[in-house]
Amino acid sequence: MAGIEPGDRATRPAAPPGAPTEGNSARRLATPPSARYGDARGAIGGDGEQAAGATGSALPGPLARAGLVAIAGAAALLVVGAILASTAGLLFLAGLTGAGIGLVLSRAAVPRNEARPVARRRIAWLAIAVSIAAVVGAAIATWLVARNEGGTLQLVDYLLETFGPFVPAEAVLAALAAAWGANAGPVQS
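Conventions adopted
- Residues numbered from 1 in each chain as written.
- Predicted model: local features only at pLDDT ≥ 70, side-chain atom pairs only at ≥ 80, totals over all residues.
- Heavy atoms only, no water.
- Phe/Tyr/Trp six-rings, centres within 6.5 Å; stacked < 30°, edge-to-face > 60°.
- Buried < 20%, exposed > 50% of the residue type's maximum accessible area, 1.4 Å probe, protein only.
- Helix = DSSP H or I, 4+ residues; strand = E, 2+ residues; numbered from the N terminus.
- Lys, Arg positive; Asp, Glu negative; His and termini not counted.
- Salt bridge = Lys/Arg side-chain N within 4 Å of Asp/Glu carboxyl O.
- Contact = heavy atoms within 4.5 Å.
- Axes fitted to C-alpha atoms, helices over the stretch in contact; angles between N-to-C directions.
- Left-handed = near helix turned anticlockwise from the far one by under 90°.
- Nonpolar A, V, L, I, M, F, W, Y, C, P; charged D, E, K, R; others polar.
- Core = buried A, V, L, I, M, F, W, Y, C linked by side-chain atoms within 4.5 Å.

### A closer look at the packing of aromatic side chains
Now for step 1: Overall, the coordinates contain 1 aromatic pair when judged by the stated rule.
Now for step 2: Aromatic side chains Tyr158 and Phe163 sit 6.2 Å apart centroid to centroid with 85° between the ring planes, which places their arrangement in the edge-to-face category. Both residues of the pair, Tyr158 and Phe163, count as buried.

### A word on the side chain of Glu170
Now for step 1: With respect to the helices and strands, the residue Glu170 is situated in helix H5 (residues 166–184).
Now for step 2: With no salt bridge to any partner, buried Glu170 finds its closest opposite charge in Arg147, at an N-O distance of 19 Å.
Now for step 3: Ignoring any residue separated from it by four or fewer positions in sequence, one finds Glu170 in contact with Leu77, Leu90, Leu91, Ala94 and Val135.

### Digging into the packing of helix H2 (residues 90–105) against helix H3 (residues 120–148)
The description of two packed helices rests on the angle between their axes and on the distance between the axes.
Now for step 1: Orientation of H2 relative to H3, taken along the N-to-C sense of each, is 145°, at an axis distance of 9 Å. Like other packed secondary-structure pairs, H2 and H3 cross with a definite hand, here right-handed. Counted together, Ala94, Thr97, Gly98, Ile101, Gly102 and Leu105 of H2 and Ile123, Leu126, Ala127, Val130, Ser131, Ala134 and Val135 of H3 form the full contact between these two elements.
Now for step 2: Grouping the constituent residues of the contact of H2 with H3 by class yields 9 nonpolar, 4 polar and no charged.

### Considering the nonpolar core
Now for step 1: Ranked by size, the top nonpolar core spans 19 residues in total, and within it Ile101, Leu105, Ala108, Ile123 and Ala127 carry the most contacts.
Now for step 2: With 6 residues, the single largest contributor to this core is H3.
Now for step 3: Excluding anything up to four places from it in sequence, Leu105 contacts Leu59, Pro62, Leu63, Ala66, Ile123, Leu126 and Ala127.
Now for step 4: Within the second largest apolar cluster, 17 residues are counted, among which are Leu77, Ala94, Val135 and Ala146.

### Observations regarding unusual backbone geometry
Now for step 1: Of the consecutive residues Gly185 and Pro186, the connecting peptide bond is found in the cis state with omega at 5°.
Now for step 2: Along the chain, Pro186 falls in the segment after H5.
Now for step 3: For Ala85, which is not glycine, the phi torsion reads 50° and is therefore positive.
Now for step 4: Considering the arrangement of structural elements, one finds Ala85 in the loop between helix H1 (60–83) and H2.
Now for step 5: Residue Ala85 is classed as exposed on the basis of its relative accessible area of 64%.

What follows is the structure, encoded as structure tokens:
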């Protein structure tokens, strides 16, 4: 091997194409190639910082729709409890209201746009709170209707005397259904 010295190209291993050499600078990707395999929860870094491209929280829209479901459910409970003066169907309506709230609110966990998803646990607790607020609001509205018709009992006395254990049972059933809906949803396409 005449003419080849130890530092020549022939004795050095070949560098892969695009690898940095002494003459060119190193190229770096903006994100690692494995980032494309991350799920929706990977859009937020471990320290809570927002990933590139993600906008605000996904919660406001589903929360507004859940509020509308809560108002409709409370109105239905009011009609059955105050206008029809019946206990038939109250538990069913409370469960239906809670499930509807949970299912609609669960859209925040799986947003369709670039919004940051909300954790299912947080959504479940929020759905429980909204559903209990709907039941309590309906109970207060029922009492106000009774007061307007000439009733003299205070809120708790009226609810216990008229409905007995139905109002607490409504709240429990609505909360359980809301937790189910928040974990089973979303149902919107």
